[in-house]
Amino acid sequence: MSSSNFLEYRGCLFPAGHYEIDSLEYARNEFQVRKDDIFSITYPKSGTTWMQEILSLIRSDGDPNVSRTVPVWERIPWVEVTSLRKKAEAQPSTRFISSHLPVHLFPKSLFTSEAKVIYTVRDPRDILVSLHFFSRTAGFLDELDKIEDLLPKFLRGEVLFGSWFDHVRGWLGVRNQVNLLLLTYEELFQDLRGSVLRICNFLGKELNEAAVDSVVENATFEKMKDNTMCNYSTVSKKHFDVQKSPFLRKGISGDWKNHFTPAMSESFDAAYKEAMKDVNFKFIWDQC
Ligand code: A3P
């Protein structure tokens, strides 16, 4: 990463050009959360697009028509992205809004609202691998030849949206203060249908069996990979060159095992243990 590609705001790095201080300030201080808003919050490469697709399909009662005709970033826009904020804001209730923001930069009005938050977490080792390949796709990221070279930067939080540890600790820290459903990429991967039902239950959305089937069928990796409205193939090559590395790349959990050397695992494990020592929560990968 070259720091010139990034904008720093309150200790967190954002890809310059896509984010501006004014928009970040607006999101944090002025954006008015409504009590029926639904937020999908993720650290990058954690399954953001997957959750956007699932929520979009749930919203349309399983009808895939919208998912096939409207880009995913317009269906569930980000509150912090300069060019999409107005779309996020202008939606009629119930609004579905995405965010990568760490908790300390999130719209403050969330904390006095009853809005719902789905926070999706992924094994950070898989995030690192995904981010490495994404740096080939994304024109705004410097491509590092080796995952080994990205690891220390990732552990220091010198990557887009800062430290994974800070992000996860921050959101876990407020999980009893906000109306939050915690999900993992790994749960989605192991049991997509069960996860869809959990999400529906959290949202108070009743879908009949056929609608649930359709959500699941249209949110599979294979279906999404072929859907130009969520595979980022329609975005200008300057921003996303999916010929270099597809945005929907592999779609599995545990790919880190194919890329980590023993030395990388050792250094990752030591940093993880230290950073997560006071976190009173065990993820699925903590038990392996
Ligand atoms: P990989 O690079 O490991 O394949 P984000 O949307 O937060 O940027 O996350 C992108 C990651 O989510 C990519 O991981 C992508 O393949 C994966 N992903 C997206 N949709 C998926 C799906 N339906 N099933 C499994 N993985 C999916």
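Residues numbered from 1 in each chain as written. Predicted model: local features only at pLDDT ≥ 70, side-chain atom pairs only at ≥ 80, totals over all residues. Heavy atoms only, no water.

1. Observations concerning the site of the ligand
The cut-off we apply is this: Nearness here has a simple test: a residue counts as near a molecule or strand if at least one of its heavy atoms is within 4 Å of that partner. We call two N or O atoms a polar contact when they sit within 3.5 Å, provided that within protein one can donate a hydrogen and the other can accept it, with sequence-adjacent residues counted only if both atoms are side-chain atoms. Values of accessible area rely on a 1.4 Å probe in the Shrake-Rupley scheme; residue burial ignores everything except the protein chains shown. Under the scheme used here, helices are H or I runs from DSSP no shorter than 4 residues and strands are E runs no shorter than 2 residues, and both carry numbers assigned from the N terminus. When residues are sorted by character, Ala, Val, Leu, Ile, Met, Phe, Trp, Tyr, Cys and Pro go into the nonpolar class, Asp, Glu, Lys and Arg into the charged class, and all the rest, Gly among them, into the polar class.
The environment of the ligand is formed by 18 residues, the closest being Thr48, Thr49, Ser130, Tyr185 and Lys250. Take Gly47: an N or O atom from its main chain is 3.1 Å from an oxygen atom of the ligand. The contact in question runs from an oxygen atom of the ligand to an N or O atom on the side chain of Thr48, over 2.5 Å. Out of a free accessible area of 570 Å², the ligand has 97% covered by protein chains. Of all the secondary-structure elements, those providing two or more residues to the shell around the ligand are α2 (48-59) and α12 (221-226). Tallied by class, residues from the shell around the ligand come to seven nonpolar, seven polar and four charged.

2. Some points on α2
Formally: Residue count minus one, scaled by 1.5 Å, sets the expected span of a helix. Relative accessibility under 20% of the residue-type maximum defines a buried residue, over 50% an exposed one, and the middle range a partly exposed one, all with a 1.4 Å probe and only protein chains included.
Over its twelve residues, α2 extends 16 Å from the first C-alpha to the last, a length consistent with the 16 Å expected when each residue adds 1.5 Å. Of all twelve residues in α2, eleven are buried; the element is thus mostly enclosed. Looking one or two residues beyond α2, the residue adopting positive phi is Asp61, at roughly 55°.

3. Points about the sheet that holds strand β4 (residues 96-99)
What counts is decided by this rule: Strand pairing is assigned whenever DSSP identifies at least 2 bridges connecting the two strands. What counts as an axis is a line fitted to C-alpha atoms, over the stretch in contact for a helix, and the angles between N-to-C directions run from 0 to 180 degrees. Here, two residues are considered to be in contact whenever any of their heavy atoms come within 4.5 Å of each other.
Taken together, the four strands give an open sheet; going across it, the order is β4-β3-β5-β6, and neighbouring strands pair in parallel fashion. Taken across any chain shown, the strands that pair with only one partner, and hence form the sheet edges, are β4 and β6 (179-184). Each adjacent strand pair in this sheet contributes to an overall mean axis angle of 20°, direction not counted. The pairing of strand β3 (residues 38-42) with strand β5 (residues 116-121) spans five bridges and is parallel. Residue pairing across strands places Phe39 opposite Val117, the latter belonging to β5. Of the strands in this sheet, β3, β5 and β6 touch helix α8 (residues 164-173), which is tilted by about 145° from β5.

4. Details of the packing of helix α6 (residues 124-137) against helix α7 (residues 147-156)
Convention followed: An angle below 35 degrees is treated as roughly parallel, one above 145 as roughly antiparallel, one from 65 to 115 as roughly perpendicular, and anything else as oblique. Crossings are sorted by hand: turned counterclockwise from the far helix by less than a right angle, the near helix makes the crossing left-handed, and turned clockwise it makes it right-handed.
The N-to-C vectors of α6 and α7 enclose an angle of 125°; their axes lie 10 Å apart at closest approach. By the angle class used here, α6 and α7 are oblique. When the axes of α6 and α7 are compared, the crossing they make is right-handed. Where α6 abuts α7, its residues Pro124, Ile127, Leu128, Val129, Leu131 and His132 lie against Ile147, Leu150, Leu151 and Phe154. Of the residues belonging to the contact of α6 with α7, the class tally is nine nonpolar, one polar and no charged.

5. Regarding the packing of α6 against helix α13 (residues 262-275)
Orientation of α6 relative to α13, taken along the N-to-C sense of each, is 125°, at an axis distance of 11 Å. In terms of orientation, α6 and α13 fall into the oblique class. As for how α6 packs across α13, the hand of that crossing is right-handed. Across the interface between the two elements, Pro124, Arg125 and Leu128 from α6 touch Met264, Phe268, Asp269 and Tyr272 from α13. Considered class by class, the residues forming the contact of α6 with α13 number five nonpolar, no polar and two charged.

6. Considerations on the nonpolar core
How we decide: We define a nonpolar core as any set of buried Ala, Val, Leu, Ile, Met, Phe, Trp, Tyr and Cys residues linked to one another through side-chain atoms lying within 4.5 Å.
One finds Phe39, Ile54, Trp164 and Ile199 to be the most contacted residues of the largest nonpolar core, which totals 101 residues. For Ile199, the contacting residues outside a window of four places in its chain are Met51, Ile54, Leu55, Ile58, Ile118, Leu181 and Leu183.

7. Section: the side chain of Ser113
The residue Ser113 is located in the loop between β4 and β5 in this model. Engagement of the side chain of Ser113 in a polar contact is seen with the backbone oxygen of Leu110, the distance being 2.9 Å. Here Ala115 takes part through its backbone nitrogen, which lies 3.1 Å from a polar atom of the side chain of Ser113.

8. Concerning the pattern of salt bridges
Rule in force here: Any carboxyl oxygen of Asp or Glu within 4 Å of a side-chain nitrogen of Lys or Arg constitutes a salt bridge here.
Applying the stated criterion across every chain yields a total of twelve salt bridges. When the shortest N-O distance is used, the salt bridge between Lys223 and Glu217 registers 3.2 Å. Note that Lys277 is salt-bridged to Glu274, the shortest N-O span being 2.8 Å.

9. Considerations on the pairing of β4
Burial along β4 is two-sided: Phe96 and Ser98 and Ile97 and Ser99, pointing in opposite directions, are all buried. Pairing of β3 with β4, which is carried by four bridges, proceeds in the parallel orientation. Following the sheet pairing, Ser40 is matched in β4 by Ser98.

10. A short note on the confidence of the model for the protein
Our working rule: Values of pLDDT, the confidence the predictor places in each residue, fall between 0 and 100.
With 98% of its residues at a pLDDT of at least 70, the protein reaches an overall mean of 94. The ipTM, which scores confidence in the relative placement of chains, is 0.99 for this predicted complex, and the corresponding pTM is 0.96.

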